[in-house]
Amino acid sequence: MLDRYMTSTKNLAAIMQRIVEGAAPPKFGSGHLKRMGFKSSNDQGVVGVLRGLEFVDDSGAPTARYHAYRDRVRSRAVLGQALREAYPEIFQLNETPSQADRAEIVGLIRSTLNAEDRRAGMIAMTFFALLALADVAPGSAAGTPIGTTTRGPALPSSSDREPSLVNHTFQLRRDLTLQLAFPRDLSQGDVSRLHRWLQTLPLEDEPSE
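Starting afresh in each chain, residues are numbered from 1 along the sequence in its written order. Totals for whole chains, interfaces and linings use all residues, but because this is a predicted model, local features are given only for residues with pLDDT of at least 70 and pairs of side-chain atoms are given and counted only at 80 or more. Only hydrogens and water are set aside; all other atoms, that is, all heavy atoms of the structure, feed into the side-chain values.

### Comments concerning the environment of Ala103
Here a helix means four or more residues in a row that DSSP labels H or I, a strand means two or more in a row labelled E, and each is numbered from the N terminus. Topologically, Ala103 is positioned in helix H7 (residues 102-113). Sequence separation between Ala103 and Ala124 is 21 residues; the distance between their C-alpha atoms is 9.3 Å.

### What about the packing of aromatic side chains?
Note on aromatic pairs: the rings of Phe, Tyr and Trp (six-membered ring only in Trp) are paired at centre separations within 6.5 Å, and the planes decide the class, stacked below 30 degrees, edge-to-face beyond 60, tilted for the rest. Considering all chains together, one arrives at five aromatic pairs under this definition. Here the aromatic residues Tyr87, Phe91, Phe127 and Phe128 are joined through ring pairs into a cluster of three or more.

### A short note on unusual backbone geometry
Phi is positive for Glu54, close to 65°, though the residue is something other than glycine. Structurally, Glu54 can be placed in the loop between helix H3 (45-52) and helix H4 (64-69). Unusually for a residue other than glycine, Asn114 sits at a positive phi of about 55°. Tracing the sequence through the fold places Asn114 in the loop between H7 and helix H8 (117-131). Each residue is assigned to one of three classes by its accessible area relative to the maximum for its type, calculated with a 1.4 Å probe on protein chains only: buried under 20%, partly exposed between the two thresholds, exposed over 50%. By relative accessible area, which is 69% here, Asn114 ends up exposed.

### Remarks on the side chain of Thr126
Examined against the element boundaries, Thr126 turns out to sit in helix H8. Here Thr126 falls in the buried class, since its relative accessible area comes to 1%. If we skip the residues at most four places from it in the chain, Thr126 touches Tyr5, Met6, Thr9, Leu12 and Val49. Contacts: residue pairs with any heavy atoms within 4.5 Å of one another.

### Digging into the environment of Lys34
Counting through the fold element by element, Lys34 comes out in helix H2 (residues 30-35). Assessed through its relative accessible area of 43%, Lys34 is described here as partly exposed. For Lys34 and Gln44, which are ten residues apart along the polypeptide, the C-alpha to C-alpha distance reads 9.0 Å. The contact partners of Lys34, leaving out residues within four places of it in the chain, are Lys39 and Gln44.

### Structural notes on H7
What a helix is expected to span follows from its residue count: subtract one and scale by 1.5 Å. In this model H7 runs 16 Å from its N-terminal to its C-terminal C-alpha over twelve residues, within 8% of the 16 Å that 1.5 Å per residue would give. Turning to H7, its buried residues number three or more, namely Ile105, Leu108, Ile109 and Leu113. Along the long axis of H7, the arc covered by the buried residues comes to 100°, so they all point the same way. For H7, exposure combined with an orientation more than 90 degrees from the buried face picks out Ala103 and Ser111. Residues of H7 that are buried in the fold lie against helix H6 (88-93) and H8. After H7 finishes, the residue Asn114 shows a positive phi value of roughly 55°. Throughout, the arc means the angular range of directions from the helix axis out to the C-beta atoms.

As structure tokens, then:
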């Protein structure tokens, strides 16, 4: 689960709107954020959030997802897919989370990330602010263009196409071999998310010797 957060989300919608409207910078960092007009220290957390959502890479360079988000027709769906990947535990709890789930989600964040109340609340606040800008409905492909009141034509999204899968086997125990299928273009980010998800599984304690 993504553990990055903003201390205030007052300007988050405006920042995301500027991403859609403006050209992608060579690097998206605090300097670019200030040049966009967001100079408050409360806004700086969005840089880490965008990195966690894979809108920018570790060096701050915009990714393919950043550029896809700039398509007004697809922006809400692009962000929705990013949220599903960054917060898989929340979407396992509820496929279409809402403010009605807030208390349960805060509790999930606290237990998953071993977070104290304030940090868990900030992460939840950031998630819900992003959720308000996204389309996370199952099968969503286009969503509502940011900054408009009309719905654009539905365009095919990469999330609609089944990725090519490669079968793997993994001997978990002497008497147990797992059959697994991973996308052919499995990335380091995918591996990291899978690792974080495995850490959320309820495990039995090892028997004492």
